[in-house]
Amino acid sequence: MTHAQHNRVFGKRSQEHILILASGDKVRHVTIKPWMAALCFCFSGVFLIGYLLATSYLVLRDDLIGATMARQARMQHDYEDRIAALRAQVDRVTSRQLLDQQLVEDKVDKLMQQQMALTSRHGKFGSLLDRAENSGLTRKDEMIPAQSLVPEAKDKRASLSAGARAIDKLLAGTDEPADATPDNSTLAYVPAPETVGDRADRLFSKVTLSLKGVEEEQRARVEQLTVDAGDAASNIEKVLTRFRIAVPEQAAVKPDDDDSAVGGPYVEPENGDNFNNSLAQLDTALTRLEAVRSTAESLPFRNPAIGKEITSPFGNRRDPFLGRLALHSGVDFRFAAGEKIRPTAPGKVVNAGWTGGYGNMVEIDHGNGISTRYGHMSQILVKAGDMVGRSDVIGFAGSTGRSTGTHLHYEVRQNGRAVDPVYFLNAGLKLATYIK
């Protein structure tokens, strides 16, 4: 095959495409190269693809926008739910703190009320304890110091706030607050192991039980003192009655009045404070005891010569001067010359001077028809009309009048009649725990 044949069959040159553009008399032609056709084809493809994409977007735009908006709405709802849950938890924590604070303040207020009640009781209780101590029933150091359990309340509101601060310190623990920004998996409320209110309840329960225990001990002690005061008053009354001494009116138990002329509408009884009622009963018992005790202390139940020998008792004896039987109207105690003589009870001096066989004699009126005489003194230190006490010295022992030696003639008279002083001395031994 020749070269010419080869070109005709295999190597035939492709014809170039010419684009002719005519406009009036002007003719233009553009030769279209293969690369230009390829470029146009590429641009056409790109335009077609863009057109198809734009058309697809316009067709599917509503669905895409709706899906996007739905997704954003879901995200917004999720965040709103999370924020609402966090806000609810914060509100719960805040509400719990407010409730705990209110609970603590209420508890402190109740404690302050109890403290003021104890303070008020302590004032009444203290005076009754002083009276009981003076009556010989008890000592103040045996009682429960209720006032020392609670601080003194000068200003209730100020003390309340100060107490709240103190309680807050006591209630402060090592618990840490709950996380305020938990993740999505911990949005559920998880209560704290122990709240301030729980600690407050436990603490105030202990304090309240302690105060109740103190109150019960005080009430038991008051009841015991009431019984002791009643028993002591009854014992003293028995002694006074034995000697026919009138019991003071304020100490006697008054009988019920005639109830034939009473009436009125029925009203429910008041719920009084049992402790105050107990204090009132103790006050009545102490008043009764003080009255009979005062009467007993004013009478000659004490020994005028403690530890001294009795040289001559009361009763009939042989008279040392006449040698015949005679009534000895007193008791003689051996004394040394110049020893001090004191009365056996307070009273008023009705006679002080030389009195016949008594020699230098002092007579003291103790009331209730009871008087005592002290004879044979070497010197008298009082005069008629003087008021003397138990510890006053009325004279010195001697041997004046009808006396064979230095001694004290002690005599007790009831309504002007001489009685055996030993009866009073024995009664004084029984009353030793009740009178000074």
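Residues numbered from 1 in each chain as written. Predicted model: local features only at pLDDT ≥ 70, side-chain atom pairs only at ≥ 80, totals over all residues. Heavy atoms only, no water.

Q: How would you summarise the packing of aromatic side chains if you had to cite specific residues and measurements?
A: Two numbers describe a pair of aromatic rings. These are the distance of the centres and the angle of the planes. For the coordinates displayed, the defined rule picks out 4 aromatic pairs. Measuring from ring centre to ring centre gives 4.4 Å for Phe243 and Phe424, while their planes differ by 35°; the resulting arrangement is tilted. Taken together, the residues span a long stretch of sequence, with Phe243 in the loop between helix 4 (196-242) and helix 5 (274-297) and Phe424 in helix 6 (residues 421-430) at a distance of 181 residues. Here Phe243 matches Phe424 in class, with each residue buried. (Phe/Tyr/Trp six-rings, centres within 6.5 Å; stacked < 30°, edge-to-face > 60°. Helix = DSSP H or I, 4+ residues; strand = E, 2+ residues; numbered from the N terminus. Buried < 20%, exposed > 50% of the residue type's maximum accessible area, 1.4 Å probe, protein only.)

Q: Before we move on, could you go through the nonpolar core and cite the residues and values that matter?
A: The tendency in soluble globular proteins is for nonpolar side chains to be buried side by side. Ranked by internal contacts, the top residues of the largest apolar core, which has 50 residues, are Leu137, Ile236, Leu289, Phe301, Ile341, Ile394 and Leu431. Residues in contact with Ile341, not counting those within four places in the same chain, are Phe335, Tyr374, Met377, Asp392, Val393, Ile394, Gly395, Phe396, Ala397 and Leu408. Core analysis: the next-biggest nonpolar cluster, separate from the first, contains 7 residues, Val104, Val108, Met112 and Leu118 among them. (Core = buried A, V, L, I, M, F, W, Y, C linked by side-chain atoms within 4.5 Å. Contact = heavy atoms within 4.5 Å.)

Q: Account for the confidence of the model for the chain, naming residues and giving values.
A: Residues with a pLDDT of 70 or more make up 77% of the chain, whose mean pLDDT is 77. Low pLDDT, under 50, characterises residues 174-189; the predicted model gives this stretch 18 contacts beyond four residues in sequence or across chains. Considering only residues more than four positions removed or in separate chains, one finds that residues 254-258, a stretch of pLDDT under 50, has 0 contacts. (pLDDT = per-residue confidence, 0-100.)

Q: Before we move on, can you summarise the side chain of His409 with the specific residues and values?
A: Mapped onto the elements, His409 comes out in strand 13 (residues 407-414). Among the polar contacts listed, one links the side chain of His409 to the side chain of His328, at a separation of 3.3 Å. Residues within four places of His409 in sequence aside, it is in contact with His328, Ser329, Gly330, Val331, Asp332, Tyr358, Arg373, Tyr374, Gly375 and His376. (Polar contact = N/O pair within 3.5 Å; in protein donor to acceptor, adjacent residues only side chain to side chain.)

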